[in-house]
Amino acid sequence: MSAPKVVVTGASRGLGLAISRRLAASGFDVVAIARRDSTELAELRAVSAPGAVSFMPFDLSVISGLPELAKCVRTTHGAIFGLVNNAGIGTSGVLANMRDTEIEDLIRLNTVSPIILTKHLLRPMLAAGAGRIVNVASIIAFTGYSGLAAYAASKASLIGFTRSLAREVGRAGINVNAVAPGFIATDLTLDMGEAERDKIAQRSALRRLAEPDDVANAVAFLLGDGARNISGTVLTIDAGNTA
Ligand SMILES: NC(=O)c1ccc[n+]([C@@H]2O[C@H](COP(=O)([O-])OP(=O)(O)OC[C@H]3O[C@@H](n4cnc5c(N)ncnc54)[C@H](OP(=O)(O)O)[C@@H]3O)[C@@H](O)[C@H]2O)c1
């Protein structure tokens, strides 16, 4: 039997790369999507079984191209078992000073793109009567954070999407969940200084920050058999920051 295939968006760096590594190690075949390949992703392909990890370059903010991307994924890889909507940007700024185009770009990539990509990859899952979708939200969706109002809106919308879609497709055997990471050191959070990171760690129950592998483990769990009766939920990975 062939390995279940999972599409991971934003798989070239940060959380998406960690998720791809963890899924490949857990016996999934990974279809990695990002605009550009990375050395780390190329290394993962090289150490994995032939075809177990593949890369498809695509700019997910080009909404009109998503139906064709989904078609290409299906024709190249066949049945898709899972989708991890991870790609996102973290544009920050005081709302009153943000450019309208920045807000539009943020919502397009973080909210509109995963919803439409899900729509197009959902159809074959519905036909197969099985599938898993994991959306990468953020604790900012429920805590809020000054300077991240538009970002928080994009992540909160993914949580509403998760819960409603779980209800819509549950009877077809498809589970839909979200993960909500706290602050994690990646390119997305490079702007944050050490003092601010320390403050977040000290405010967390475990007095440390969660790491990309912690998110990867949670995603692998939600895609695995152990989560077969979990749907419509949000799993927080923040070292107890919001406890
Ligand atoms: N880091 C955190 O503290 C944190 C906390 C909570 C939630 N999150 C969420 O976790 C997800 C991943 O974040 P991260 O920290 O891993 O960010 P990251 O290190 O900046 O990585 C972002 C990934 O998304 C890809 N990407 C960006 N724009 C894209 C586009 N237009 N089309 C296709 N791919 C695109 C990037 O590759 P290319 O640039 O090559 O396209 C890269 O692979 C995001 O949704 C973020 O909101 C992160």
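Scroll up to find the structure this text is about.
On a predicted model such as this, the values are computed, not experimentally measured, just so you know.

**Quick look at the environment of Val 31**
If you trace the backbone, Val 31 turns up in strand E2 (residues 29-34). Filtering out sequence-adjacent residues up to four positions away, Val 31 remains in contact with Val 6, Val 7, Val 8, Ser 54, Met 56 and His 77.

**What to know about the packing of aromatic side chains**
Tallied over the full model, the rule gives one aromatic pair. Ring centres of Phe 28 and Phe 81 lie 6.5 Å apart, and the angle between their planes is 15 degrees; on these two criteria the pair is classed as stacked. Of this pair, Phe 28 sits in the loop between helix H1 (14-25) and E2 while Phe 81 sits in the loop between helix H3 (66-77) and strand E4 (82-85); the two residues are 53 residues apart in sequence, bridging distant segments of the chain. A relative accessible area of 9% places Phe 28 in the buried class.

**Thoughts on the nonpolar core**
Looking at soluble globular proteins, one finds that nonpolar side chains tend to be buried together. Of all hydrophobic cores here, the largest spans 31 residues; its most connected members are Leu 23, Val 84 and Val 179. Among the secondary structure elements, those contributing two or more residues to this core are strand E1 (5-9), H1, E2, helix H2 (39-47), strand E3 (53-57), strand E5 (131-136) and helix H8 (212-223). Per element, the largest residue contribution to this core is seven residues, and it comes from H8. Excluding residues within four positions of it along the chain, Val 84 makes contact with Val 6, Val 7, Val 8, Thr 9, Ile 19, Leu 23, Val 134, Val 136, Val 219 and Leu 223. In this structure, Val 31, Leu 121, Leu 122 and Ala 166 belong to the second largest nonpolar core, which totals 26 residues.

**Section: the site of the ligand**
Not every one of the 30 residues close to the ligand is listed here, only the nearest: Ser 12, Arg 13, Asn 86, Tyr 151 and Thr 186. A distance of 2.7 Å separates an oxygen atom of the ligand from a polar side-chain atom of Ser 12. Between the ligand and Ile 184, the relevant distance is 2.7 Å, taken from an oxygen atom to a main-chain nitrogen or oxygen of the residue. When the free accessible area of the ligand is taken as 880 Å², the share hidden by the protein chains comes to 97%. Every element with two or more residues in the shell around the ligand is listed here: H1 and helix H6 (149-169). Here the residues of the shell around the ligand sort into 14 nonpolar, ten polar and six charged.

Here is what the cut-offs are and how they apply
Residues numbered from 1 in each chain as written. Predicted model: local features only at pLDDT ≥ 70, side-chain atom pairs only at ≥ 80, totals over all residues. Heavy atoms only, no water. Helix = DSSP H or I, 4+ residues; strand = E, 2+ residues; numbered from the N terminus. Contact = heavy atoms within 4.5 Å. Phe/Tyr/Trp six-rings, centres within 6.5 Å; stacked < 30°, edge-to-face > 60°. Buried < 20%, exposed > 50% of the residue type's maximum accessible area, 1.4 Å probe, protein only. Core = buried A, V, L, I, M, F, W, Y, C linked by side-chain atoms within 4.5 Å. Near = heavy atom within 4 Å. Polar contact = N/O pair within 3.5 Å; in protein donor to acceptor, adjacent residues only side chain to side chain. Areas by Shrake-Rupley, 256 points an atom, 1.4 Å probe, with all protein chains shown as cover. Nonpolar A, V, L, I, M, F, W, Y, C, P; charged D, E, K, R; others polar.

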